[in-house]
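Here is how the chains run, residue by residue.
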Amino acid sequence: MDYWPYPPAEADRINPFDSERTETQYILFGGHRPTSAFTDPALFDNPDLQQWIPMGYKILRRAQKVAILRHGDVVRQWPVLHRIPHFETVFLPASVAESVNSWRRSVCGYRILTSPTAKTAPEDAHDYAAAMELARTASRAEGRALVVYMYDAQNWH
């Protein structure tokens, strides 16, 4: 199985490489494996999520679809609506918040997929232009590419 079987209702599952639908779409990554795309961001907060993405030694990342390319051409783009949240707390030392923010930045950013199991990132994962250029190259070689922006992450174990 290439995708985690999520969202729970099959009718809510969108092929991540679909370029026909115009609404904003989201994807969860449990480790390196994605779910199907979906349009309701409330699905990120499903209290029973571990039924579909088992907890284990992995990172759970929230992502938004940014672009679909075919043979080097952009066929659909969506504006990036979410950015990496800045963690602050009055209960922990500032160094802890700084560490959390640094970790999130290192595991988030743009990623390019040519299949559910083939994922890469530009050298600077937060450089949109570099991500798009890498996607153009990948889609010329593989026929298609999906650009996502991973904007939040948590340990999933």
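For the structure itself, consult the block above.
Overview of the structure. (Residues numbered from 1 in each chain as written. Predicted model: local features only at pLDDT ≥ 70, side-chain atom pairs only at ≥ 80, totals over all residues. Heavy atoms only, no water.)

## Re the overall build of the chain
Next, step 1: Summing up its helical and strand segments, the chain has two helices and seven strands in all.
Next, step 2: Start at the N end of the chain and walk to the C end: the helices and strands fall as β-β-β-β-α-β-β-α-β.
Next, step 3: For 157 residues, the compact-globule formula gives about 15 Å, and the C-alpha radius of gyration of the chain, at 16 Å, lands near that figure.
Next, step 4: Here the C-alpha coordinates of the chain stretch approximately 50 × 35 × 25 Å along the principal axes.
Next, step 5: Residues counted as buried form 44% of the 157 residues belonging to the chain.
Next, step 6: Across the chain, the fraction of contacts at a sequence separation of at least 24, relative to all contacts at a separation of at least 6, is 67%.
Next, step 7: Carbon and sulfur atoms provide 50% of the accessible area of the chain, an area that totals close to 8200 Å².
Next, step 8: Across the chain, the mean location of the 17 positive side-chain charges is 2 Å away from that of the 18 negative side-chain charges. (Helix = DSSP H or I, 4+ residues; strand = E, 2+ residues; numbered from the N terminus. Rg over C-alpha atoms; globule rule 2.2 N^0.38 Å. Buried < 20%, exposed > 50% of the residue type's maximum accessible area, 1.4 Å probe, protein only. Contact = heavy atoms within 4.5 Å. Areas by Shrake-Rupley, 256 points an atom, 1.4 Å probe, with all protein chains shown as cover. Lys, Arg positive; Asp, Glu negative; His and termini not counted. Charge placed at Lys NZ, Arg CZ, Asp CG, Glu CD.)

## Quick look at the side chain of glutamine 25
Next, step 1: On the secondary structure map, glutamine 25 appears in the segment before strand 1 (26-30).
Next, step 2: For glutamine 25, the side chain forms a polar contact with the main-chain oxygen of arginine 21, separated by 3.5 Å.
Next, step 3: Looking at glutamine 25, its side chain comes within polar contact range of the side chain of lysine 65, at 2.8 Å.
Next, step 4: When sequence neighbours within four positions are dropped, the list of residues in contact with glutamine 25 reads Ile14, Ala37, Phe38, Thr39, Ala63, Gln64, Lys65 and Trp78. (Polar contact = N/O pair within 3.5 Å; in protein donor to acceptor, adjacent residues only side chain to side chain.)

## With respect to the nonpolar core
Next, step 1: With 25 residues, the main nonpolar core has Leu28 and Val147 as its most contacted residues.
Next, step 2: Elements represented by at least two residues in this core include exactly strand 1, strand 3 (59-70), strand 5 (109-115), helix 2 (128-142) and strand 7 (144-155).
Next, step 3: Beyond its immediate stretch of four places on either side in the chain, valine 147 contacts Gln64, Lys65, Val66, Ala67, Leu69, Tyr110, Arg111, Ile112, Met132 and Ala135.
Next, step 4: Formed by 16 residues, the second largest nonpolar core is a distinct cluster that contains Ile27, Val107, Cys108 and Leu113. (Core = buried A, V, L, I, M, F, W, Y, C linked by side-chain atoms within 4.5 Å.)

## What to know about the packing of aromatic side chains
Next, step 1: Applying the stated criterion across every chain, the model contains eight aromatic pairs.
Next, step 2: With a centroid separation of 6.3 Å and an interplanar angle of 85 degrees, the aromatic rings of phenylalanine 44 and tyrosine 151 are classed as edge-to-face. Taken as a pair, phenylalanine 44 in the loop between strand 2 (33-34) and strand 3 and tyrosine 151 in strand 7 lie far apart in primary sequence, 107 residues in all.
Next, step 3: A residue is classified by how much of its surface remains accessible, and phenylalanine 44, at 6% relative accessible area, is buried.
Next, step 4: Each member of the aromatic cluster is reached from another via a ring pair, and the members are Tyr6, Tyr26, Phe38, Phe44, Trp52 and Tyr151.
Next, step 5: Here the guanidinium or amino end of arginine 33 rests over the ring plane of tryptophan 4, the centre of that ring lying 4.0 Å away.
Next, step 6: We note arginine 83 situated over the ring of tyrosine 149; from NZ or CZ to the ring centre the distance is 5.0 Å. (Phe/Tyr/Trp six-rings, centres within 6.5 Å; stacked < 30°, edge-to-face > 60°. Lys NZ or Arg CZ within 6 Å of the ring centre and 35° of its normal.)

## Some details on unusual backbone geometry
Next, step 1: The amide bond that connects tyrosine 6 to the next residue, proline 7, takes the cis arrangement and shows omega of 5 degrees.
Next, step 2: Relative to the elements of secondary structure, proline 7 occurs in the segment before strand 1.
Next, step 3: Of note in this structure, histidine 71 is not a glycine but carries a positive phi near 50 degrees.
Next, step 4: Counting through the fold element by element, histidine 71 comes out in the loop between strand 3 and strand 4 (73-77).

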